[in-house]
Amino acid sequence: MSENIMNLETVTMDEEAGALVIIDQTKLPDTVELLSLTRQADIWDAIYLLRVRGAPAIGVAAAIGIYLAAKDIETDDYESFYAQFKAAKDYLASARPTAVNLFWALDRMEKLVTDNADKSVAEIKTLLRDEAVKIKEEDIRVCRAMGEYGLTLIHDGDGILTHCNAGQLAAVKYGTALAPIHLGHERGYKFKVFTDETRPLLQGARLSAFELHSSGVDTTVICDNMASQVMKNGWVQAVFVGSDRVAANGDACNKIGTSALAILAKFYGIPFYVVAPTSSIDMNTPSGKDIPIEERPAEEVTQMWYKQRMAPEGVKVYNPAFDFADNELVTAIITEYGIARAPYNESLKEIFERKREESF
Ligand code: MRU
């Protein structure tokens with residue numbers, strides 16, 4: 001392994017090369033490889049193929065990606081520039097449907113274009129570059145703030161169970177659900193973290209276990225179907241997960257299996273925390289049922305990780321990438337503006353009011 005990923009930013013921009021730079025997460029944990037992407041088709045593929053994944057990281061990649069598209073548009077005419085910008089935006093937006101950060105970041109970049117229609121195209125391009133950098137830098141501060149809030153909910157020595165990867169690899173630094181663990185670890189807390197392997201794409205085993213273990217956190221990988229057993233053993237004091245989209249009513253959509261974990265946590269009386277920046281909270285989506293759930297290729301289940309096929313050729317496969325924890329199972333939602341508790345329709349509105357008053 002050449003580099004310690006904890007010293008790297010997961011997503012960044014190389015301005016000189018006009019490139020989006022990412023850690024290729026499909027190669028982890030064996031190889032830490034940085035990819036420098038300049039073509040829009042390669043950026044789209046990187047998002048779709050999960051070379052860059054996790055809601056905040058996808059948002060930052062999209063912001064940098066759309067700036068790179070905009071900078072190459074060859075016209076001085078605003079209408080023509082805007083039409084081409086929209087086409088590039090729609091293309092990147094089609095890469096994945098569930099994580100709202102993708103649309104949040106692209107909409108934020110588009111608003112900059114429409115709010116500055118009176119400026120020259122060259123000026124708009126500069127504003128877009130500055131905004132992409134701002135979105136990336138904000139992500140680091142936001143994750144750190146959520147880490148601080150999350151840390152107030154746990155204690156030295158706690159057992160914590162997490163699902164998928166909502167760590168540094170899912171953002172630029174720190175991550176969402178793993179931010180309290182990284183910050184606590186820096187301060188000498190000794191957590192015992194259980195990472196669900198997270199079938200079918202193994203983000204827990206390949207990514208969370210990798211980043212926690214390489215940071216020196218006590219980490220144990222379990223198969224997803226072992227969560228009940230470790231909870232029954234009394235080894236878990238809290239569940240921490242991220243979210244791809246929190247609906248206005250607090251239903252929290254996240255990697256497939258999150259719903260089952262929330263149900264288990266309720267049964268065992270273990271707090272179930274969702275750590276999600278406001279960029280992952282979609283007040284325009286009333287409930288979890290309204291969130292589009294991505295379905296991915298059957299091969300991810302039947303053969304991707306095996307030397308030979310593990311299901312009969314031609315058998316039907318259902319492969320939804322996400323589900324949602326019903327709001328009544330969510331103990332609290334930790335945002336960069338504080339901790340929201342039920343009833344979420346009200347507490348999330350208050351979080352956005354705070355956001356209007358103080359920006360990050
Ligand atoms: O399919 P993925 O790997 O992009 O799914 C990611 C997750 O489900 C994460 O838990 C979620 O994006 C929150 S990340 C901070």
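Residues numbered from 1 in each chain as written. Predicted model: local features only at pLDDT ≥ 70, side-chain atom pairs only at ≥ 80, totals over all residues. Heavy atoms only, no water.

A short note on the overall build of the chain
Then, in step 1: Of the regular secondary structure elements, the chain holds eleven helices and 14 strands.
Then, in step 2: Against the compact-globule benchmark of 21 Å for 360 residues, the chain has a radius of gyration of 20 Å, which places it among compact chains.
Then, in step 3: Based on the C-alpha atoms only, the size of the chain along its principal axes is roughly 65 × 50 × 40 Å.
Then, in step 4: Among the 360 residues that make up the chain, the fraction classed as buried is 57%.
Then, in step 5: Partitioning the intrachain contacts of the chain with sequence separation of at least 6 by distance along the chain shows that 75% fall at a separation of at least 24.
Then, in step 6: Here the chain has roughly 15,100 Å² of accessible surface; of this, 50% comes from carbon and sulfur atoms.
Then, in step 7: Computing the positive centroid from 37 side-chain charges and the negative centroid from 53, the chain places the two 3 Å apart. (Helix = DSSP H or I, 4+ residues; strand = E, 2+ residues; numbered from the N terminus. Rg over C-alpha atoms; globule rule 2.2 N^0.38 Å. Buried < 20%, exposed > 50% of the residue type's maximum accessible area, 1.4 Å probe, protein only. Contact = heavy atoms within 4.5 Å. Areas by Shrake-Rupley, 256 points an atom, 1.4 Å probe, with all protein chains shown as cover. Lys, Arg positive; Asp, Glu negative; His and termini not counted. Charge placed at Lys NZ, Arg CZ, Asp CG, Glu CD.)

A few points about a negative patch on the surface
Then, in step 1: Together, Glu 346, Glu 350, Glu 353, Glu 357 and Glu 358 give the surface a local cluster of negative charge.
Then, in step 2: Position of Glu 357 relative to the elements: it lies in helix 11 (residues 344-357).
Then, in step 3: Taking the relative accessible area as the measure of exposure, Glu 357 reaches 68% and is therefore exposed. (Patch = residues over 30% accessible without salt bridge, like charges linked within 9 Å, V, L, I, M, F, W, Y side chains within 5 Å. Salt bridge = Lys/Arg side-chain N within 4 Å of Asp/Glu carboxyl O.)

Re the packing of helix 2 (residues 55-71) against helix 3 (residues 78-93)
Then, in step 1: Their axes nearest at 10 Å, the elements helix 2 and helix 3 cross at an angle of 145 degrees. For the element pair helix 2 and helix 3, the recorded crossing hand is right-handed. Between helix 2 and helix 3, the residues in contact are Ala 62, Gly 65, Ile 66, Ala 69 and Ala 70 and Phe 81, Phe 85, Ala 88, Lys 89 and Leu 92, respectively.
Then, in step 2: Looking at the contact of helix 2 with helix 3 residue by residue, the classes come out as eight nonpolar, one polar and one charged. (Axes fitted to C-alpha atoms, helices over the stretch in contact; angles between N-to-C directions. Left-handed = near helix turned anticlockwise from the far one by under 90°. Nonpolar A, V, L, I, M, F, W, Y, C, P; charged D, E, K, R; others polar.)

Some details on the domain arrangement of the chain
Then, in step 1: Assigned domains within the chain: domain 1 (5-143) and domain 2 (147-357).
Then, in step 2: Taking only C-alpha atoms, the centre of domain 1 and the centre of domain 2 are 25 Å apart.
Then, in step 3: Summed over both partners, the interface of domain 1 with domain 2 buries about 3,000 Å², with 59% contributed by carbon and sulfur atoms.
Then, in step 4: Scanning the region where domain 1 abuts domain 2 turns up one salt bridge.
Then, in step 5: Arg 96 serves as the salt-bridge partner of Glu 294, at 2.8 Å between the closest nitrogen and oxygen.
Then, in step 6: In this structure, the connection of domain 1 to domain 2 is made through 23 residue pairs in polar contact (both at pLDDT 80 or more). (Domains from an automatic or database assignment. Buried area = accessible area lost by both parts, 1.4 Å probe. Polar contact = N/O pair within 3.5 Å; in protein donor to acceptor, adjacent residues only side chain to side chain.)

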